[in-house]
Amino acid sequence: LVSVVVSFVLLPVAYRREPEKVDIMLKWRPQVLHNGYVLACAAELLISRPPMMKEHFPVMILFGISYIVFAWAAHFRMGVYAYFFLD
């Protein structure tokens with residue numbers, strides 16, 4: 001999901017709004033921060049093969065909700081969202 005959002009939401013919108021920022025987004029560090037995490041998670045899945053049980057599904061939902069709560073708290077404190085689509 002992270003890689004899809006970066007590739008098909010963040011980059012196209014940045015290109016339309018501020019084309020000079022696309023060069024910054026495509027540098028090594030931002031790519032590793034977003035897509036490197038996806039590769040690390042995939043490697044961990046292949047190596048450790050954790051069991052996926054339906055009882056774990058609520059934890060995945062809570063993980064997503066916790067990020068939304070964090071984004072709201074950050075917006076309340078700083079007045080800005082990290083990603084425009086959370087606005």
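Read on for an overview of the structure. (Residues numbered from 1 in each chain as written. Predicted model: local features only at pLDDT ≥ 70, side-chain atom pairs only at ≥ 80, totals over all residues. Heavy atoms only, no water.)

### Focus on the overall build of the protein chain
Right, on to step 1. When you go through the protein chain residue by residue, the secondary structure sums to 4 helices and 0 strands.
Right, on to step 2. Walking the protein chain from its N terminus toward its C terminus, one meets helices and strands in the order α-α-α-α.
Right, on to step 3. Principal-axis analysis of the C-alpha atoms places the extent of the protein chain at approximately 45 × 30 × 20 Å.
Right, on to step 4. Within the protein chain, buried positions represent 11% of all 87 residues.
Right, on to step 5. For the protein chain, the proportion of contacts with a sequence separation of at least 24, taken over those separated by at least 6, is 42%.
Right, on to step 6. For the protein chain, the computed accessible surface area is about 7,600 Å², with 72% contributed by carbon and sulfur atoms.
Right, on to step 7. Across the protein chain, the 8 positively charged side chains and the 6 negatively charged ones have centroids separated by 2 Å. (Helix = DSSP H or I, 4+ residues; strand = E, 2+ residues; numbered from the N terminus. Buried < 20%, exposed > 50% of the residue type's maximum accessible area, 1.4 Å probe, protein only. Contact = heavy atoms within 4.5 Å. Areas by Shrake-Rupley, 256 points an atom, 1.4 Å probe, with all protein chains shown as cover. Lys, Arg positive; Asp, Glu negative; His and termini not counted. Charge placed at Lys NZ, Arg CZ, Asp CG, Glu CD.)

### Some thoughts on the layout of surface pockets
Right, on to step 1. Volume-wise, the second largest pocket comes out at about 450 Å³.
Right, on to step 2. Together, 16 residues line the second largest pocket, and L10, A14, K21, M25 and A82 are the ones closest to its centre.
Right, on to step 3. Residue composition of the lining of the second largest pocket, grouped by class: 11 nonpolar, 2 polar and 3 charged. (1 Å grid on protein atoms, 1.4 Å probe; cavity = no way out; pocket = protein on both sides within 12 Å on 5 of 7 lines; lining within 4 Å. Points joined across faces, edges and corners; volume = space filled by probe spheres on them. Nonpolar A, V, L, I, M, F, W, Y, C, P; charged D, E, K, R; others polar.)

### Details of a nonpolar patch on the surface
Right, on to step 1. A cluster of nonpolar residues, M52, F57, M60, I61, L62, I65, I68, V69 and W72, forms a patch on the protein surface that exposes about 930 Å² of accessible area.
Right, on to step 2. Looking at where L62 falls in the secondary structure, it is placed in helix α4 (residues 57–78). (Patch = residues over 30% accessible without salt bridge, like charges linked within 9 Å, V, L, I, M, F, W, Y side chains within 5 Å. Salt bridge = Lys/Arg side-chain N within 4 Å of Asp/Glu carboxyl O.)

### Comments concerning the packing of aromatic side chains
Right, on to step 1. A complete count under the given rule lists 1 aromatic pair for this structure.
Right, on to step 2. With centroids separated by 6.0 Å and ring planes inclined at 45 degrees, the aromatic side chains of Y67 and F70 adopt a geometry described as tilted. In this pair, Y67 and F70 are both assigned in helix α4, 3 residues apart and thus about one turn of the helix distant.
Right, on to step 3. Given the relative accessible area of 54%, F70 is considered exposed. (Phe/Tyr/Trp six-rings, centres within 6.5 Å; stacked < 30°, edge-to-face > 60°.)

### Quick word on α4
Right, on to step 1. Given a rise of 1.5 Å per residue, 22 residues ought to cover 32 Å, and the 32 Å separating the end C-alpha atoms of α4 matches this to within 8%.
Right, on to step 2. The positive-phi residue at the C-terminal boundary of α4 is G79, with phi of around 80 degrees. (Expected span 1.5 Å × (residues − 1).)

### Observations concerning unusual backbone geometry
Right, on to step 1. Non-glycine residue R49 carries a positive phi angle of around 50 degrees.
Right, on to step 2. Mapped onto the secondary structure, R49 falls in the loop between α3 (28–48) and α4.

Interpretation note: all reported values are geometric properties and have no functional meaning in isolation.
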